[in-house]
Amino acid sequence: MTGRGEGGNGEQAGSPDGWPVSLRGVTESVVTTRGPNDRWNVAALGLHAPDKATGVVTAKTWGNTRTRRNFHRRGGGVIQFVSDPREFVSAAMTIREEDDPVLDAAHAWVEVEVTRIDGGERGGTRWEKWELRPHDSTVVSKTIPTINRGFAAVIDATVAASRLDVPAYDTDELLSRLQYFSETVEKCGGAAEKEAFDTIDEVSGWRERIE
């Protein structure tokens, strides 16, 4: 499970060289990194679109996660773009390992080399910033984009849930957000979004905290 942080400023939209998709702002992705057991850890990772100064895609890891350790150990990973909310929640909220680096649900993927370029601490949580340089990429399938508020609520809920035990964030506010996201998924989400939110409930236990 990869720690999730705030978005950056000054990021520009576009398709960076070597990347199979356009990036703008912070694009949510799934990353697989090879662990010491030679299996591939699956986690969520926010990709910061390159600014004009560097032209390089960056990402931050928060805490002592498997992704952070594997980045240091292996110097890279495989970034993947998925549209199934269940796949994203599984990556963001659970400890998951696979035998192969590319998920069946990936619409596109890109193998990247990573370099640590910055680091620090915020609210008692250690963070590190990485440059991601593409090595190889493949587009598996193209989808017609649709807008579903339930899907967006699932993504935001994983961020709120990941911050529940971080001292820098107010727990009551996070629980209030999760309640709102839950209601949005119930009203606007389909079966996949509701199943994904069930996993958030189970893994985070946020409802029990309210009760």
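Just above, that's the structure.
Structural notes, computed from the coordinates. Bear in mind that the values here come from a model prediction, so they are computed numbers and not experimental data.

Criteria and cut-off values
Residues numbered from 1 in each chain as written. Predicted model: local features only at pLDDT ≥ 70, side-chain atom pairs only at ≥ 80, totals over all residues. Heavy atoms only, no water. Helix = DSSP H or I, 4+ residues; strand = E, 2+ residues; numbered from the N terminus. Rg over C-alpha atoms; globule rule 2.2 N^0.38 Å. Buried < 20%, exposed > 50% of the residue type's maximum accessible area, 1.4 Å probe, protein only. Contact = heavy atoms within 4.5 Å. Areas by Shrake-Rupley, 256 points an atom, 1.4 Å probe, with all protein chains shown as cover. Lys, Arg positive; Asp, Glu negative; His and termini not counted. Charge placed at Lys NZ, Arg CZ, Asp CG, Glu CD. Expected span 1.5 Å × (residues − 1). Polar contact = N/O pair within 3.5 Å; in protein donor to acceptor, adjacent residues only side chain to side chain. Salt bridge = Lys/Arg side-chain N within 4 Å of Asp/Glu carboxyl O.

**Here's the deal with the overall build of the protein**
Per the secondary structure count, the protein includes 6 helices and 7 strands. Starting at the N terminus, the α and β elements of the protein follow one another as β-β-β-α-β-α-β-β-β-α-α-α-α. Its C-alpha radius of gyration of 17 Å places the protein within 12% of the 17 Å reference for a compact globule of 211 residues. Across its three principal directions, the C-alpha atoms of the protein cover 45 × 40 × 40 Å. Across the 211 residues that make up the protein, the buried fraction comes to 47%. When contacts within the protein are restricted to residue pairs at least 6 apart in sequence, long-range pairs at least 24 apart make up 70% of them. Taken as a whole, the protein presents about 10,800 Å² of accessible surface, with 43% of it coming from carbon and sulfur. Between the centroid of the 26 positive side chains of the protein and the centroid of its 34 negative side chains there is a distance of 4 Å.

**A word on the environment of Val-78**
On the secondary structure map, Val-78 appears in strand E4 (residues 76-81). Using a relative accessible area of 5% as the deciding quantity, one classes Val-78 as buried. Considered as a pair, Val-78 and Asp-100 are 22 residues apart in the sequence and their alpha carbons are 10 Å apart. Discounting residues that sit within four places of it in the chain, Val-78 has contacts with Val-30, Val-31, Thr-32, Trp-40, Pro-101, Val-102, Trp-109, Val-110 and Glu-111.

**A short note on helix H3 (residues 149-162)**
The end-to-end C-alpha separation of H3 is 20 Å, in line with the 20 Å expected for 14 residues at 1.5 Å each. Residues of H3 that are buried: Gly-150, Ala-153, Val-154, Ile-155, Ala-157, Thr-158, Val-159, Ala-160, Ala-161 and Ser-162. Elements that come into contact with the buried residues of H3 comprise strand E1 (26-34), helix H2 (85-93), helix H4 (171-188) and helix H5 (191-204). One side-chain oxygen of the residue at the start of H3 lies 2.6 Å from the amide nitrogen of Gly-150, identifying that residue as Asn-148.

**Quick look at helix H1 (residues 66-74)**
Think of an α-helix as turning once every 3.6 residues; residues three or four places apart then point the same way. Buried residues of H1: Thr-67, Arg-68, Asn-70 and Phe-71, and no others. Each element contacted by the buried residues of H1 is listed here: E1, strand E2 (40-48), strand E3 (57-62), E4, strand E6 (108-122) and strand E7 (125-139). Following H1 by one or two positions, Gly-75 adopts a phi angle in the positive range, close to 75 degrees.

**Some remarks on the pattern of salt bridges**
On inspection of all chains with the given rule, the structure shows 15 salt bridges. A salt bridge links Glu-98 to Arg-96; the shortest N-O distance between them is 2.9 Å. Assessed through its relative accessible area of 25%, Glu-98 is described here as partly exposed. A residue is classified by how much of its surface remains accessible, and Arg-96, at 16% relative accessible area, is buried. Across the pair Arg-209 and Asp-165 runs a salt bridge, and its minimum N-O distance is 3.0 Å. Separated by 44 residues along the polypeptide, Arg-209 in helix H6 (residues 206-210) and Asp-165 in the loop between H3 and H4 bring together distant segments of the chain. By relative accessible area, which is 37% here, Arg-209 ends up partly exposed. Several salt bridges converge on common partners, so that one network encompasses Arg-68, Arg-116, Arg-126 and Glu-128.

Purely spatial values, then, with no claim about function.
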